[in-house]
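Read off the chains here:
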Amino acid sequence: MHELAVTQSVVDAILDRTGEAEVRVVRLVVGRLSGVVADSVRFCFDLVAEGTPLAGAVLAIDEPAGRARCRRCGAGFDTDDPLPLCACGCADIAVTGGDDLRIASVSMVPVSGGGG
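Residues numbered from 1 in each chain as written. Predicted model: local features only at pLDDT ≥ 70, side-chain atom pairs only at ≥ 80, totals over all residues. Heavy atoms only, no water.

Caption draft 1: Spatial organisation of the UniProt feature "binding site: Ni(2+)" (unreviewed entry) in the protein chain. Residues given the UniProt feature "binding site: Ni(2+)" (unreviewed entry) here are His2. Positionally, His2 belongs in helix H1 (residues 2-18). Owing to a relative accessible area of 43%, His2 belongs among the partly exposed residues under this scheme. Apart from the residues within four sequence positions on either side, His2 is in contact with Gly35 and Val36. (UniProt positions renumbered as here; feature names shortened; annotations may be inferred. Helix = DSSP H or I, 4+ residues; strand = E, 2+ residues; numbered from the N terminus. Buried < 20%, exposed > 50% of the residue type's maximum accessible area, 1.4 Å probe, protein only. Contact = heavy atoms within 4.5 Å.)

What follows is the structure, encoded as structure tokens:
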């Protein structure tokens with residue numbers, strides 16, 4: 001399951017940026033044509049985040065639909081099929097959206113000032 005490795009990379013990337021700050025919410029974009037199963041990432045997240053400042057964080061995943069354009073007829077269409085075909089029957093398709101995999105945002109617990 002490569003989602004475990006993907007999820008570990010996401011957690012590592014967040015920790016590289018946030019250090020020891022406690023994270024409340026992680027928002028990911030996992031396009032339906034990304035080749036990554038969002039439900040598997042959800043399952044792996046708690047396992048990978050355990051023992052880190054991300055433990056207990058809410059994971060929100062946006063799953064945009066795939067978008068493609070036919071190179072023969074020029075038609076644009078939505079698809080969730082990793083091997084899309086145009087309605088004209090052509091398989092020469094350019095994926096134009098829904099193949100992203102990225103960290104959209106991270107919300108952390110505000111650091112309280114040390115003033116006195």
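Caption draft 2: Spatial organisation of the sheet that holds strand S3 (residues 66-70). What the 3 strands build is an open sheet, ordered S4-S3-S5; its pairing is antiparallel. Unpaired on one side and paired on the other, strand S4 (76-79) and strand S5 (93-97) mark the two borders of the sheet. Across the sheet, the mean angle separating the axes of adjacent strands is 35 degrees when strand polarity is ignored. (Pairing = 2+ DSSP bridges. Axes fitted to C-alpha atoms, helices over the stretch in contact; angles between N-to-C directions.)

Caption draft 3: Spotlight on helix H2 (residues 38-49). Look at H2: 16 Å from first C-alpha to last across 12 residues, which is about the 16 Å you get at 1.5 Å a residue. Buried within H2 are the following residues: Ala38, Val41, Cys44, Phe45, Val48 and Ala49. For H2, the buried positions fall inside an angular range of 125 degrees around the axis, keeping them on one side. Facing away from the buried side of H2, by more than 90 degrees, are the exposed residues Asp39, Phe43 and Leu47. Taken together, the buried residues of H2 touch H1, strand S1 (23-30) and strand S2 (58-62). In the stretch just after H2, Gly51 is the one whose phi turns positive, near 80 degrees. (Expected span 1.5 Å × (residues − 1). Arc of directions from axis to C-beta.)

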